[in-house]
Amino acid sequence: MTRTKPASLVLLAVLGGGAMWFIETALAASGRAVVLPPVTLGVALVLIGVIIVAMALPVRRVSRGVANARVDPFYATRVLMLAKASSLSGALLGGGGLGIVGYLLSRSVVASPNALTMSIVAAVGAILLLVAGLVAEHMCSIPPDDDKRDDGAPDPRGIS
């Protein structure tokens, strides 16, 4: 599996921001209430990020040779897939949260500080989920083989 590309993260963030900006504008134009994410959304996203990093710790220990224990390869694969999914969803939700913040700040009528705070907390929580997903993805990577030294000679330990 390849690492998450920055271009895909930026694309998802732009799509999320544009979609939420459009939704907020359409709701306001039709006279309905705009979407405001609850503060608990940001808190839940941060907790999910912490859990994902904690799940990646055993895989990191085994892949770096720190622990003598073994990790089920299916567990490692699932953690890696969850890390990648959380980084992608964090980019999408972070862009959406920033789209809401941008919409609220661009209106001629000043939004309530509570609405702005809730949107900022959701956006920050999503960005932290994105970062946690990328960190967990990095923790699940296997270090490169060091079978040969830099000069091309075989490893003196006899490992081939």
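How each quantity is defined
Residues numbered from 1 in each chain as written. Predicted model: local features only at pLDDT ≥ 70, side-chain atom pairs only at ≥ 80, totals over all residues. Heavy atoms only, no water. Helix = DSSP H or I, 4+ residues; strand = E, 2+ residues; numbered from the N terminus. Contact = heavy atoms within 4.5 Å. Buried < 20%, exposed > 50% of the residue type's maximum accessible area, 1.4 Å probe, protein only. Axes fitted to C-alpha atoms, helices over the stretch in contact; angles between N-to-C directions. Parallel < 35°, antiparallel > 145°, perpendicular 65-115°, else oblique. Left-handed = near helix turned anticlockwise from the far one by under 90°. Nonpolar A, V, L, I, M, F, W, Y, C, P; charged D, E, K, R; others polar. pLDDT = per-residue confidence, 0-100. Core = buried A, V, L, I, M, F, W, Y, C linked by side-chain atoms within 4.5 Å. Phe/Tyr/Trp six-rings, centres within 6.5 Å; stacked < 30°, edge-to-face > 60°.

(A) Structural view of the environment of Tyr103. By the element assignment, Tyr103 lies in helix H3 (residues 73–106). When the C-alpha positions of Tyr103 and Gly17 are compared, they lie 9.6 Å apart, and in sequence the two are 86 residues distant. Ignoring any residue separated from it by four or fewer positions in sequence, one finds Tyr103 in contact with Trp21, Glu24, Thr25, Ala28 and Val34.

(B) Broad picture of the environment of Ala123. When you line up the elements, Ala123 lands in helix H4 (residues 113–139). Judged by its relative accessible area of 2%, Ala123 is buried. Separated by 29 residues in sequence, Ala123 and Gly94 place their C-alpha atoms 4.7 Å apart. Apart from the residues within four sequence positions on either side, Ala123 is in contact with Gly94, Gly97 and Leu98.

(C) View of the packing of H3 against H4. Between H3 and H4, whose axes approach to 7 Å, the crossing angle comes to 155°. Relative to H4, H3 is oriented roughly antiparallel. You can see that H3 and H4 cross each other, and the crossing is left-handed. In terms of residue class, the contact of H3 with H4 is made up of 19 nonpolar, eight polar and two charged.

(D) Layout of the confidence of the model for the protein. Here the protein averages 88 in pLDDT, while 89% of its residues score no lower than 70. Ignoring residues within four places in sequence, the model shows residues 155–160, a span with pLDDT below 50, making six contacts including any to other chains.

(E) Quick peek at the nonpolar core. Of all hydrophobic cores here, the largest spans 12 residues; its members are Leu45, Ile52, Ala56, Val59, Val79, Leu80, Ala83, Ala126, Leu129, Ala136, Met139 and Cys140. At the level of secondary structure, the elements contributing two or more residues to this core comprise helix H2 (39–63), H3 and H4. Beyond its immediate stretch of four places on either side in the chain, Ala83 contacts Ile52, Gly133, Ala136 and Glu137. Met20, Ile100, Tyr103 and Leu104 belong to the second largest nonpolar core, which has five residues in total.

(F) Structural detail: the packing of aromatic side chains. Tallied over the entire structure, the rule returns one aromatic pair. Relative to Tyr103, the ring of Trp21 lies with its centre 6.1 Å away and its plane at 90°, an arrangement referred to as edge-to-face. Note that Trp21 is positioned in helix H1 (residues 6–29) and Tyr103 in helix H3, a separation of 82 residues in sequence. A residue is classified by how much of its surface remains accessible, and Tyr103, at 5% relative accessible area, is buried.

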